Amino acid sequence: MTRSDPWADAMRAALDEARAALATDDVPIGAVVVDETGAVVGRGRNRREADADPTAHAEVVALREAAVARGEWRLDGCTLVVTLEPCTMCAGAVVLSRVDRLVFGAYDDKAGAVGSLWDVVRDRRLNHRPEVLAGVLAEESTALLLGFFDAHR
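Along every chain, residues carry numbers that run from 1 in the direction the sequence is written. Whole-chain, interface and lining totals are the exception, using all residues; otherwise, since this is a predicted model, local features are given only for residues with pLDDT of at least 70 and side-chain atom pairs are given and counted only at 80 or more. Side-chain figures throughout are based on the complete set of non-hydrogen atoms in the structure, without hydrogens or water.

Draft legend 1. Region of interest: helix H1 (residues 8–21). In this model, H1 (14 residues) spans 20 Å end to end at C-alpha, consistent with the 20 Å of a helix rising 1.5 Å per residue. Buried residues of H1: Ala8, Ala10, Met11, Ala13, Ala14, Leu15, Glu17, Ala18 and Ala21, and no others. Here a helix means four or more residues in a row that DSSP labels H or I, a strand means two or more in a row labelled E, and each is numbered from the N terminus. Multiplying 1.5 Å by the helix residue count minus one yields the expected span of that helix. Between buried and exposed lies partly exposed: a residue is buried under 20% and exposed over 50% of the maximum accessible area for its type, with that area taken using a 1.4 Å probe on protein chains only.

Written out as C-alpha cells, the structure reads:
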C-alpha cells in the first residue's frame, strides 16, 4: 500500500508495538485498536514469552485493553490493526469482539485464518463478519518478522 493509505499511521503504531515485543524475545507482532474517531483505545504486542501465556497474542492483548478502555466487550465502531494475518484463535476473537474492521499487514501462509489457510472472519455461518483490508505496510511487517527469525536460526 502507498504512504497515503488511510490505515498507514495505525499500522505504524502496530509496528512500534511489534518492535517492543523484541525486548522480551517474543515474535514481533503488534496490534492497535482504533475507535470511530481514529483514537487508539487498545495496544498489544506478543507477550507469550514475557507472560508464559499461550493466549497472549498481540490481537488478544489489544482487544482486551480496548474493552477495558471502553468499558464493554463489544467493540462496535472499532478497527483492529495488526502487523500479521491473525491465527485461528485471534480471528475468533475478532469475530467475538464485534469490531467493524480488521486491517493487517503481512499474510501468514503457515497459520493465517483470514484467507491464507482458513477464512474464519468471513465465514457466513458466523453472526458477525468484519470488513477485511490486507497488505497495509506488508513489506515492513514481513521484514521485521524475517529479521527476527533469521536471528533465531
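Draft legend 2. Region of the structure containing the sheet that holds strand S5 (residues 131–134). Pairs of strands are assigned from DSSP output, requiring at least two bridges between the strands. With mixed pairing, the 5 strands of this open sheet are ordered in space as S2-S1-S3-S4-S5. The two strands at the open ends of the sheet, each matched to only one other strand, are strand S2 (40–45) and S5. For this sheet, the mean inter-axis angle between neighbouring strands, taken without regard to orientation, is 15 degrees. As paired elements, strand S3 (residues 79–84) and strand S4 (residues 101–106) share 5 bridges and run parallel to each other. Counterpart to threonine 79 in the pairing with S4 is arginine 101. By definition in these notes, contact holds between two residues if any of their heavy atoms fall within 4.5 Å. Every axis corresponds to a line fitted to the C-alpha atoms, with the helix fit spanning only the stretch in contact, and the corresponding angles, defined between N-to-C directions, vary from 0 to 180 degrees. In the packing of H1 onto the sheet, contacts are made with strand S1 (30–34), S2, S3 and S4, and the angle to S1 comes to roughly 140 degrees. Its contacts with the sheet put helix H5 (residues 138–151) on S3 and S4, and the angle it makes with S4 is roughly 55 degrees.

Draft legend 3. Just unusual backbone geometry, in detail. One non-glycine residue with positive phi stands out, namely aspartate 25, at about 60 degrees. Mapped onto the secondary structure, aspartate 25 falls in the loop between H1 and S1. Here aspartate 25 falls in the partly exposed class, since its relative accessible area comes to 43%. At alanine 52, a residue that is not glycine, the phi angle is positive and equals roughly 50 degrees. Note on placement: alanine 52 falls in the loop between helix H2 (48–51) and helix H3 (58–70).

Draft legend 4. Inspection of the pairing of S2 at higher detail. Pairing between S1 and S2: 5 bridges, direction antiparallel. Bridge pairing links alanine 31 to glycine 44 in S2. Here S1 hands over to S2 after 5 residues, with glycine 38 in that stretch at a positive phi of 95 degrees.

Draft legend 5. Structural context of the pattern of salt bridges. Any Lys or Arg side-chain nitrogen located within 4 Å of an Asp or Glu carboxyl oxygen qualifies as a salt bridge. In total, this model carries 10 salt bridges according to the counting rule given. The closest approach of N and O atoms between glutamate 36 and arginine 70, which form a salt bridge, is 3.6 Å. Residue glutamate 36 is located in the loop between S1 and S2, and its partner arginine 70 is located in helix H3; the two are separated by 34 residues in the primary sequence.

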